[in-house]
Amino acid sequence: MLRFMLEILKTYYTEEQKAELEYLCSGDTDLYCRKKNQIRQDARKAIDLSQISPVKKSQYNLILNYIGNQSLLHEIDCIEKEFLPVRKKVSKKEYQDQFQKLFRLRNQFAKSAGFANYLEYQYMLLGIDAEILEQILETNRKHQYSEKSLLREKIQQWKHTPCFKPENQIELLKKVLDHFHLQIKWEEVQIHNENLPQFYIGNCISINVPDESHVLINQVSGLSGFSILMHEIGHAYYYNNIRQDSLQWANRPYNAVIEEFVALAFENLVYSPQFLSTFLDSDEDLLLDKLNYQTNYLCCCALFEKNIYGKDTPDFDQEWETACDSFSVSRDKAWRSPHFFVSYPGFFAVDVIAGCLVKMFYKQIGINDTVMNNYLQKQICAPGFQLDFYRVISQLGIGLR
Ligand SMILES: [Zn+2]
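Being a predicted model, the structure only gives us computed values, none of them experimental.

## Side note on the sheet that holds strand 1 (residues 189-192)
Piece 1. The three strands are arranged 1-3-2 in an open sheet whose pairing can be described as mixed. For this open sheet the edge positions go to strand 1 and strand 2 (202-208), each flanked by a neighbour on one side alone. On average, each strand axis in the sheet is inclined to that of its neighbour by 20 degrees, with strand direction left out of account.
Piece 2. Sheet topology note: the strand 1/strand 3 (residues 212-217) ladder contains four bridges and is parallel. If you follow Val189 over to strand 3, its bridge partner there is Ser213.

This is how it looks when you write it as C-alpha cells:
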C-alpha cells in the first residue's frame, strides 16, 4: 500500500520536474504554474484517498512534499514567478509589499502543513539541521574573514582567456573532468546553453535519477563564469552517481546540503593550484581565499532569513541591519539584492553548511589522483538517500557533533 503510494507520488514528482525543465527552457510562467498546480492537486488527492496513517506519512519526504493547502501554494508560485523577472525594476516600497505578501502567504501555507513557519518547513524538506547551522554561524561570527578585493582582481585577469570563452567552455569542461578523473556519464546528461531565458545563470534538473539530468546554462566568460558551469555539472555528477532505490528514494532524510556540497566542490576546483597550474600555467592558489571570500555575506543572509521567519511581523530593514552588524557586512548591500529570499527560502542555510563542508573537504581529502572522485562516489553518492549526514560531518572534521 505504502510502496504503491510512493510509486505514484514519484510519477507526479517526475512530471513536476519535467514541467520545471520546460519552464527553464521557455520562461513560460503561466503554463508552468498551471501545470504544477494540476500535478500537485492530483498528488494531494491521491494522498488524501490513501489509508496511510499520519505517522507513516510524516516519515516520507515525498509525501510531506505534497501536504498543506495546495491552492495557497499555487498563489505563492504565481506571485513569486511573476515577481522574479521584474524585481530589480520596482521601487523599494513595491518590493517590500510583494515580499511581505509572499512572506505572509508562505507562513500561512506552512501552518496548513503543520509547521510553525515556512522556513521550518523548508529546513525539513531540505534536510537542514538548525542546530548545526546555528553552530556554524556562531563559529563564523568569531572568525570573520576580510573581503579581499585582491581576489577579484586576480580572477579578473582571466576574463578574456580564450579557453573561458562560452564557445570553448564545454571542451575545457571535458578536459578538466578527465584530468581530475571525475566521471560523468554523458549519455545521461544533457547540456542546454542556447536560447534560454535570462532570469537565471545556471540550473540543473533531474528527470530520472540517475538516468536523465539536464544542465541549463547562460554561459558567462572568464574563470568565475566557467566555475558556474562546473557547479551545475557537479549537480549532474551527483544525480549520475547516486544510488537509486525506489522506496529509499522517497524516504527521509533527503539532504540538499550534501547535493550542494558536491556542486560547490566542483565549482571551487577551478581555484585550486592543481587547476590553475595545469590549465592556466599560473602558480597561484586561490582556493581558500575564494571559499572564505563570501562566507560573511552568506552567513549574514542565512541569519537574516532565520530571524525574519522566527517572527510574525518582522521589520525587514531592521532585521537586515542586525544581521549585517553580526557579520561585519556593509549595510549598503540591501536584503532586496539577492533573489534567493524570493525564489528559494532556505537556500542560504544550505549554502552556509555546504560551504563549510567544502572547506573541510579540500583540507582533508585533497584533489590529487583519483582521491576526489573516489571519495565523492563511494562516500557521498553510493550510500544514496541512506547517507548519514552526521558521519560525513564528523569525517570531514567539522566536529559539531
Ligand atoms: Zn547548486
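Okay, back to it.
## Notes on the domain arrangement of the chain
By a frequent convention, interface size equals the accessible area lost on bringing the separate parts together.
Piece 1. Assigned domains within the chain: domain 1 (2-126) and domain 2 (149-293 + 368-396).
Piece 2. Distance from the C-alpha centre of domain 1 to the C-alpha centre of domain 2: 27 Å.
Piece 3. In this assembly, 20 residues from domain 1 lie in contact with 18 residues from domain 2.
Piece 4. Of all elements in the fold, only helix 1 (2-26) and helix 4 (61-64) reach the threshold of two or more residues within the side of domain 1 that touches domain 2.
Piece 5. Looking at the side of domain 1 that touches domain 2 element by element, the count peaks at twelve residues for helix 1.

## Digging into the packing of helix 16 (residues 295-309) against helix 17 (residues 316-326)
If you want to describe how two helices pack, look at the angle between their axes and the distance between the axes.
Piece 1. Close contact between helix 16 and helix 17 brings their axes to 9 Å; oriented N to C, the two are set at 140 degrees. Relative to helix 17, the element helix 16 lies oblique. Regarding helix 16 and helix 17, the two cross each other, and that crossing is right-handed. Contact residues: Cys300, Leu303, Phe304, Asn307 and Ile308 in helix 16; Phe316, Glu319, Trp320, Thr322, Ala323, Cys324 and Ser326 in helix 17.
Piece 2. A class-by-class count of the residues in the contact of helix 16 with helix 17 yields eight nonpolar, three polar and one charged.

## Some thoughts on the nonpolar core
Piece 1. Of all hydrophobic cores here, the largest spans 105 residues; its most connected members are Val262, Ala302, Val352 and Ile353.
Piece 2. No other element matches the twelve residues that helix 19 (residues 347-364) contributes to this core.
Piece 3. Each of two domains, domain 1 (2-126) and domain 2 (149-293 + 368-396), supplies a minimum of three residues to this core.
Piece 4. In contact with Ile353, not counting residues within four places along its chain, are Ile128, Ile132, Leu133, Ile136 and Val257.

## Comments concerning the environment of Ser71
Piece 1. With respect to the helices and strands, Ser71 occurs in helix 5 (residues 70-83).
Piece 2. On a C-alpha basis, the gap between Ser71 and Phe109 in space is 9.1 Å, while along the polypeptide they are 38 residues apart.

Scoring rules and cut-offs
- Residues numbered from 1 in each chain as written.
- Predicted model: local features only at pLDDT ≥ 70, side-chain atom pairs only at ≥ 80, totals over all residues.
- Pairing = 2+ DSSP bridges.
- Helix = DSSP H or I, 4+ residues; strand = E, 2+ residues; numbered from the N terminus.
- Axes fitted to C-alpha atoms, helices over the stretch in contact; angles between N-to-C directions.
- Domains from an automatic or database assignment.
- Contact = placed C-beta atoms within 7 Å.
- Parallel < 35°, antiparallel > 145°, perpendicular 65-115°, else oblique.
- Left-handed = near helix turned anticlockwise from the far one by under 90°.
- Nonpolar A, V, L, I, M, F, W, Y, C, P; charged D, E, K, R; others polar.
- Core = buried A, V, L, I, M, F, W, Y, C linked by C-beta atoms within 7 Å.
- Buried ≥ 20, exposed ≤ 12 C-beta atoms within 10 Å, placed from the backbone.

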